Each structure stands twice: as structure tokens, then as C-alpha cells.
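Close look at the chain arrangement
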Amino acid sequence: MRIRIVDAFTDRPFSGNPAGVLLLDAFPDDGRLQNIALEVNHAETAFAHPLPGGGEADWVLRWFTPATEVAMCGHATLATAHVLHSTGAHQGPVRFATRSGVLIATPGDDGAVTLDFPTAPLTAVDIPAGVPEALGAEPRTAFDTGPDIGDLLVEVADERTVRALRPDLKALAAHSRRGVIATARAENPALGYDFVSRCFFPNVGIDEDPVTGSAHTALAPYWSERLGRSALTGLQASPRSGRVRTEVRGERTLLGGRAVTVIEGDLLV
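The residue count restarts for each chain, going from 1 along the sequence in the order it is written. Per-residue local features are limited, in this predicted model, to residues with pLDDT of at least 70; the limit for side-chain atom pairs, both in listing and counting, is 80 or more; totals at the level of whole chains, interfaces and linings are taken over all residues. For side-chain calculations, the full set of non-hydrogen atoms in the structure is used, while hydrogens and water are omitted.

**A closer look at the nonpolar core**
As a reminder of what qualifies: Buried residues of nine kinds, namely Ala, Val, Leu, Ile, Met, Phe, Trp, Tyr and Cys, make up a nonpolar core once their side-chain atoms join them within 4.5 Å. The buried label goes to any residue with under 20% of its type's maximum accessible area, the exposed label to any with over 50%, and the partly exposed label to all in between, with areas taken from a 1.4 Å probe on protein chains only. Here a strand is any run of E in DSSP of at least two residues, a helix any run of H or I of at least four, and the numbering for each starts at the N terminus.
Of all hydrophobic cores here, the largest spans 47 residues; its most connected members are W63, L78, V94, F96, A105, L115 and L219. It is helix α2 (residues 74-87) that provides the largest number of residues to this core, a total of 6 residues.

Written out as C-alpha cells, the structure reads:
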């Protein structure tokens, strides 16, 4: 098995969100996939294999954290599309069959990739008791992001509050299926981004995810409604950092970004 490590939602190595990518002829058993993801030990490892022509999808795609399989992952999808296009394994738009339906990744002339994902349904909820203490900040609003994402989305006072968060991850784990997305409006949009976020996912073995494509399917409609524009750019203000271009199109959200392969090698066992 050939393993590649790809930094997604960035054009520079050692930034963005790293993902393992393995292109296979068929999937081995789930236990082996989980062990490989644990060995790679990044937020997600993507496994894909080609499908016969003439169907609704070109490749099957699955995503595993070091602890579990997940229903949706944006950065590992971007990383997989980047590997397919950069190695010549697939030309043009690629349709992935996933647990979240068929997801399409379209390469651009500039080397960027645009993902077509379902827009997360946002449902306003009361701020759960204990969340302000666990997060270390008082949320202004709270939203459930639906079954595919499984996060609690909260807006806090400002960008500085987002950047300063030092949550109690054990306590935070009790308040969502996957984790908590904290967000705020950008302090200075002239810097090229409209909103900031950070994502904490202790329930799937990820204390803080560097750049989360799937979270932006919830962040995009949230901020598009408040800012009055369908096309925005989000900055995920993790230590590695990365930017995600978003465009809400009703029930679908487009996520755009670049990726770079930084490591390539073989699994020996």
C-alpha cells in the first residue's frame, strides 16, 4: 500500500490540515483500515478505490480518525482529490461515493480543488449548561449542525476570544457527538477572510483539528446569512491555520482550497 501525507487547505507544506491518503484496489477489513489510521495518526486518513465505469460515482471514499470512522471529512476529501489529480489516477471532476452521499471534487486551472458538499442543517438550541465553563468563553448563540456533522456550533464575542480559547476538552466532550465549533466575525476583513473558527473534537480522538472542511458546511450558511453574501472565506485559527473558500448554494455548499503532498512511502506490513 502506497501512503501519502497531504497538507490540505494550504499551498505551503507544514500548514493546513495533514491527511493520510491511500489509493487501493479494494478495501481490506475495517480493523486493518482502523489500524492504519492509528499508525498514520493524523486527524483523518482517507481510503479510496475505483468503481466500474457507468455508475453514479467514480471512487469509493472512507475516512478514519485514529479512533473511529467518520461520516464526513472535507480536508481528507480535498487531499484525496489532490492525489488523484497530481498522480494522473483520475482526470477532471471526481465523484466519490461516501457515507454522506456522492461528493464531487472539481480541479481548477490554478491547482485548487472545489468540493461540492451537502449544506449542514442548522437548528438553534439553548446554550447547554456547562459549555461556557468547558469552552472558557460565553457563547452568544448555539446551533446543532445535524447528523452528518454532529457538532455544536457556537458564536463567541470576537476573533480575539476565538484565538485565546483553551477549553477543558474532557468537559467539552459531553456536549456533542463529534465536538464543538467556536466562531466569530473577522476583526479585519481586509486581511482576506470574513470569519474565524476553531474546532475541538475530543469525541473522535482529535483535541483540535487544524482545518475542518466539514465544519465549514455549517459555518458557511451561518455566516452567509449574517453577512448577506453567499461567497465567503473562513480562516481556521489553529496553530497550523488554513483558509477555506465557501459558497452556499441552497442545499449544497462549495468548499475551495489547495493542497500539497509532503510525504510519500510504502506500508511494509
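**Some thoughts on the packing of aromatic side chains**
Aromatic ring pairs are defined here through the distance separating the ring centres and the angle between the ring planes. So the rule is basically this: Two aromatic rings, drawn from Phe, Tyr or Trp (for Trp, its six-membered ring), form a pair once their centres lie within 6.5 Å of each other, and the interplanar angle then sorts them: stacked below 30 degrees, edge-to-face above 60, tilted otherwise.
Taken as a whole, this structure holds 4 aromatic pairs when the rule is applied. Judged by centre distance (5.7 Å) and plane angle (85 degrees), the rings of F47 and F64 are edge-to-face. Of this pair, F47 sits in strand β3 (residues 44-50) while F64 sits in strand β4 (residues 59-64); the two residues are 17 residues apart in sequence, bridging distant segments of the chain. Residue F64 is classed as buried on the basis of its relative accessible area of 3%. Pairing Y222 with W223 gives two aromatic rings, centres 5.2 Å apart and planes at 90 degrees, and the pair type is edge-to-face.

**Section: the pairing of β3**
To keep things clear, this is the line we draw: Any two strands between which DSSP finds at least two bridges are classified as paired. By the criterion used throughout, a crossover qualifies as right-handed when its path from the first strand across the helix to the second strand runs clockwise, the strands pointing away from the viewer.
Burial of β3 is extensive: 6 of the 7 residues sit out of reach of the surface. Bridge count between strand β2 (residues 17-23) and β3: 5 bridges; the pairing is parallel. Each bridged residue has a counterpart across the sheet, and for A19 the counterpart in β3 is E44. Regarding the hand of the β-α-β motif, the stretch spanning β2, helix α1 (residues 30-40) and β3 is right-handed. Bridge count between β3 and β4: 6 bridges; the pairing is antiparallel. Of the residues in β4, the one forming a bridge with A46 is W63.

**Overview of the side chain of D58**
Operational definition: Here a residue-residue contact requires only that any non-hydrogen atoms of the pair lie within 4.5 Å.
Structurally, D58 is set in the loop between β3 and β4. Setting aside residues no more than four positions away along its own chain, D58 makes contact with P50, L51, H90, P93, V94 and R95.

**Concerning α2**
Heads up, the condition is: Expected span, for any helix, means 1.5 Å times one less than how many residues it has.
Compared with the 20 Å implied by 1.5 Å per residue over 14 residues, the 20 Å span of α2 between its first and last C-alpha is a close match. Just past α2, the residue G88 takes up positive phi, approximately 80 degrees.

**Concerning the pairing of strand β8 (residues 113-118)**
With 4 bridges joining them, strand β7 (residues 101-107) and β8 adopt antiparallel strand pairing. Along β8, the bridge assignment pairs A105 with L115. Remark: 5 residues form the turn of the hairpin made by β7 and β8, two consecutive strands paired antiparallel; G111 in that turn has positive phi of roughly 90 degrees. Where β8 lies against strand β17 (residues 252-257), 6 bridges are found, and the strand directions are antiparallel. Directly across from V113, in β17, lies its bridge partner G257.

**Here we look at the environment of T68**
Tracing the chain through its elements places T68 in the loop between β4 and β5 (69-70). Accessibility expressed as a relative area gives 30% for T68, which makes it partly exposed. Taking the C-alpha atoms as reference points, T68 and A37, separated by 31 residues in sequence, lie 8.8 Å from one another. Filtering out sequence-adjacent residues up to four positions away, T68 remains in contact with Q34, W63 and V204.

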